[in-house]
Amino acid sequence: MRSALPRFSPATFAACSGCDICALACPVWQQTHDVRLTPKGRATALQGGASAEDIVESLGACTLCGSCVPACPERIDLVGMTLGLRADLAAKGRSPLAPLAAGMIEPPREVSKANVRLKTVLLAEERLLADPSLLAAATLRLGGPAHVIVADDTGFDIAAALEAGIPVAPERLEEFLAGLRGALRVVTTEGFLNSFLRKWLPGTPIRSLGESCLALAETRRALRPTDLYLLDARAYHADFERLVPVYDTLRHETGCDLSLDLQHLAITTAANALNSRFGTGPVRVAEQVKWILEGRRPSRVVVENMEDGEAVRRERNMPVVHVAAISAAK
Amino acid sequence: MPYDTSKSVLPRGATARHDGGPAPEMPPPPRGVIPPETVSPEAMFGIPRVQTNPSRWSGETWKPFVEELRDGGVDVREDRATKAMFVTDAGGLSFGAPHGVVIARSALQVATVLRAAQRFRVPVTTRGGGLTTEGESVAFGGLQLDMTGMSKVRWVDRDRMLARVEAGIFWHSMAEVLRRQGLDYISAPLNFTSSVGGTLAVGGIDVNACKWGASADQCVAMEVVTPTGQVVECSETANTELFDRVLLGYGQFGVVTEATMRIRPYTPCRMHHIFYDDLKAAMEDLIVVVRSESTDYSGILTMNDRANNLLFAFDSEDREKAFFANVRPKLKGLTEGQFAMRAARYYALHPWKIGEALWLWRRKRTLMPEFERPEHVRGGKMDDRTVVFSRAVWRHWGNRSMVIPDLATSESKFIESVLRGNKVIRKYFPHYTLYCVAIRLQPNRERYEMSCIPGDATGWAYGCEFEPIFRAGEYSRDTLQSFKNEIYDVGVKMGTSYYRFGGSMKGYIRRAFGDAMVDRHLAMKRAADPAMILNPDVVF
């Protein structure tokens, strides 16, 4: 049984050369211009002998969008470093996020024991589960009801715990993974768990719902050159090297604009970050949406993540549609 | 008979001689003075010697200084975690620590800091991207002023093709904003975490400097906080003396808080490479290319002195076609295929150099894909050259410590200086890169005095960076410093300037520029900064 908790290792920050490249795409940096709150700030503070307690504000500020990981020239797992330090703090009762996550870590009460063998398992976010027509559209894009199982156990309690640094009981993790073993592929609607799932379920393809929908020519054909396609930043950064050409091809095939910066890193809305949900982090979702749309005049915004869609709707009066629904919307 | 140090103090400027007895003690020079060399310059060639960090400011007036700042609403951070972020720079060889850190937020706040610093005589060290290599942005006590707290684009004026930015902004962040409007900066260092303010203070060299000059030459106006805390707007037409002192002034004459920069419409560039197995031939061709003014970008990147790459690029297809019709036939450079054939023949005849051949092949296999990533290069056109180059530089040259000594020369001294420098770097390191570019000089020379622009250059200046690749081995700080010194000794002999003459290399300032010029600048510095508190130990 593998531990759900990332291990905090000093080796993860020792290689930091202080280049600041991680800060360029960091939403916390974008909004605060405070180097202490960036991955580089954390790494260099630790190099200088600071402890996790000394950088608690910085650890609580991160949205875990993951843009720093592919940006880092030293290939440091900066998300893993932050999660490990959060876990370190939580173990000492000093976690800045544990109180927020406390209400989110109830495991599902009823879990059906569906046979997932050779099927696609969809780990759908609450908003998608609450929207039957969109859920049906997503299921259809993934191969139809006969081939898709919408999981009762979405693992979001595990995601919330990991994000806050709270230990996950091995039994609970095993229960969650048991429902996924043998699946043809696992499709997620929010990318935070993707890198963990790849480690926990070696050999099982882990894909985002957005990428899975875009695999269909019908979906790609429905994208217009006047669309802004808003990527799920966490899913994209968790599998960056594989996904860069996928989305680059999409851009050239369809002419649509993508929510990428000049480094081809995804600009996050930060709407799905734990600290954003509770309004405790320094990143304002409204500012992120404003930055994503600055200088752009899309006719509609196509989203992979429903929380991103809601964030855009709150800030701008413009059509927003989920990628699973764009064929119908054409 | 033992030498009695208590009775003997050498007069200032006297030569220290070691006659077998204990070394005589020299009184420490007062702050803000470049002490005379204690041996004649000629005697130092070839002698390994180590520069040391400047002495740390003792902090006697720190407490009342901080109290005054806090009373004025300035947030001074003294915690260990914050100070730890600033202990070194990109060079990673100079280590210091500030007594405290202020994140710059406005010109008025910076002015408050500098006024108090003058009164309490507290050193203030500014820092942007921290990409200095000689400890210039490292505080050896006193206050660290982190300029990246001022990182906004104030406005963009498409009609006049100007952008006003806060000076702590990274060039890349500026480009992110400009690109949303189809615009771009004109010229910036090929390192996307250089700050605008830091670049203006030293020059800033892009691969298009052959066409546009230094990044600092794209600045038309600045808001500067003087060392005594006055906020002054200066430009090419107003307060011009301050303007020319601050540009390429190595942070001695004021803190840049905002800058108005020339911008241009964005265009991807079409990049080409030709190859040489002879460094001299590559440099001769670079001069031909530069003089022809037919390319928009040009430079030399080497893998070793048998594998040299002359790169050139164009913003328009018309210029590209004209170049290939008129200039390319005059160049000695080989195509990649021709070069590979020559290299294969050479290494077949020199089988004992198989290790070198394998290294070149591996280097090419790992490095070249970085320059051809499909998301950045499509149809032969490269988007965002700075992203492409910067990623490659940090991934393949970056390290916890970097030394990049350089020589800045006139055209007539370029080839000889680089060839001599190449002999030095080859002696120290098995693997290294030379990076050479030309810089078009602007008519206004005032700002060039005592800077990286050599006094004898006309038309264009040329620069060469000598960058060892450390990943091939570990080197002591002493070795690295000796290497830098030996490169700079070439500069002294050849009468060149340097880009990185400050910080731990400041011992070369008098030798490079001469006493008269240095003393004139020292007098200007004393007049502008009576307590000598702004960026101490960088130049003075």
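Please refer to the structure placed before this passage.
The following paragraphs examine the structure supplied in this document. (Residues numbered from 1 in each chain as written. Chains lettered and ligands numbered in written order. Predicted model: local features only at pLDDT ≥ 70, side-chain atom pairs only at ≥ 80, totals over all residues. Heavy atoms only, no water.)

### Focus on the overall build of chain B
Here comes step 1: Assigned secondary structure in chain B consists of 17 helices and 17 strands.
Here comes step 2: Out of the 540 residues belonging to chain B, those deemed buried represent 61%.
Here comes step 3: A separation of at least 24 residues holds for 72% of the contacts in chain B among residues at least 6 apart in sequence.
Here comes step 4: Carbon and sulfur atoms provide 54% of the accessible area of chain B, an area that totals close to 21,300 Å². (Helix = DSSP H or I, 4+ residues; strand = E, 2+ residues; numbered from the N terminus. Buried < 20%, exposed > 50% of the residue type's maximum accessible area, 1.4 Å probe, protein only. Contact = heavy atoms within 4.5 Å. Areas by Shrake-Rupley, 256 points an atom, 1.4 Å probe, with all protein chains shown as cover.)

### Some remarks on the nonpolar core
Here comes step 1: Of all hydrophobic cores here, the largest spans 203 residues; its most connected members are Tyr229 of chain A together with Met174, Leu200 and Met222 of chain B.
Here comes step 2: Sorting elements by how many residues they give to this core places helix 9 (residues 279-292) of chain B first, with eight residues.
Here comes step 3: Counting 33 residues, the second-largest nonpolar core is a separate cluster that includes Ile158, Ala164, Ile166 and Leu197 of chain A. (Core = buried A, V, L, I, M, F, W, Y, C linked by side-chain atoms within 4.5 Å.)

### As for the packing of helix 14 (residues 411-428) of chain B against helix 15 (residues 477-494) of chain B
All names here are of chain B.
Here comes step 1: Following both chains from N to C, one finds helix 14 and helix 15 inclined at 160°, their axes separated by 10 Å at the closest point. Between helix 14 and helix 15, the interaxial angle falls into the category roughly antiparallel. Of the two elements, helix 14 crosses helix 15, and the hand of that crossing is right-handed. Together, Lys413, Glu416, Ser417, Arg420, Gly421, Val424, Ile425, Lys427 and Tyr428 of helix 14 and Thr479, Ser482, Phe483, Glu486, Ile487, Val490, Lys493 and Met494 of helix 15 make up the contact between the two elements.
Here comes step 2: Classifying every residue of the contact of helix 14 with helix 15 gives seven nonpolar, four polar and six charged. (Axes fitted to C-alpha atoms, helices over the stretch in contact; angles between N-to-C directions. Parallel < 35°, antiparallel > 145°, perpendicular 65-115°, else oblique. Left-handed = near helix turned anticlockwise from the far one by under 90°. Nonpolar A, V, L, I, M, F, W, Y, C, P; charged D, E, K, R; others polar.)

### Quick look at helix 2 (residues 62-71) of chain B
Residues and elements named next belong to chain B.
Here comes step 1: Among all positions in helix 2, only Trp62, Phe65, Val66 and Leu69 are buried. Projected down its long axis, helix 2 shows its buried positions confined to an angular sector of 95°, all on one face. Opposite its buried face, helix 2 presents the exposed residues Lys63, Glu67 and Asp71, each directed more than 90 degrees away.
Here comes step 2: Against strand 1 (100-103), helix 4 (107-120) and strand 3 (143-146) lie the buried residues of helix 2.
Here comes step 3: Backbone geometry just downstream of helix 2 places Gly73 in the positive-phi region, at approximately 85°. (Arc of directions from axis to C-beta.)

### A short note on the pattern of salt bridges
Here comes step 1: Tallied over the entire structure, the rule returns 66 salt bridges over all chains.
Here comes step 2: In this structure, Asp244 of chain B engages Arg447 of chain B in a salt bridge whose closest nitrogen and oxygen atoms are separated by 3.1 Å. Taken as a pair, Asp244 of chain B in helix 8 (residues 240-246) and Arg447 of chain B in the loop between strand 16 (432-440) and strand 17 (460-468) lie far apart in primary sequence, 203 residues in all.
Here comes step 3: For Lys364 of chain B, the salt bridge goes to Glu336 of chain B, with nearest N and O atoms at 3.0 Å. Here Lys364 of chain B is found in helix 12 (residues 354-371), whereas its partner Glu336 of chain B is found in helix 11 (residues 336-349), with 28 residues between them in sequence.
Here comes step 4: Glu336 of chain B gets classed as partly exposed once you look at its relative accessible area, which sits at 41%.
Here comes step 5: One connected set of salt bridges, linked through shared partners, spans Arg198, Arg207, Glu211, Asp239 and Arg242 of chain A. (Salt bridge = Lys/Arg side-chain N within 4 Å of Asp/Glu carboxyl O.)

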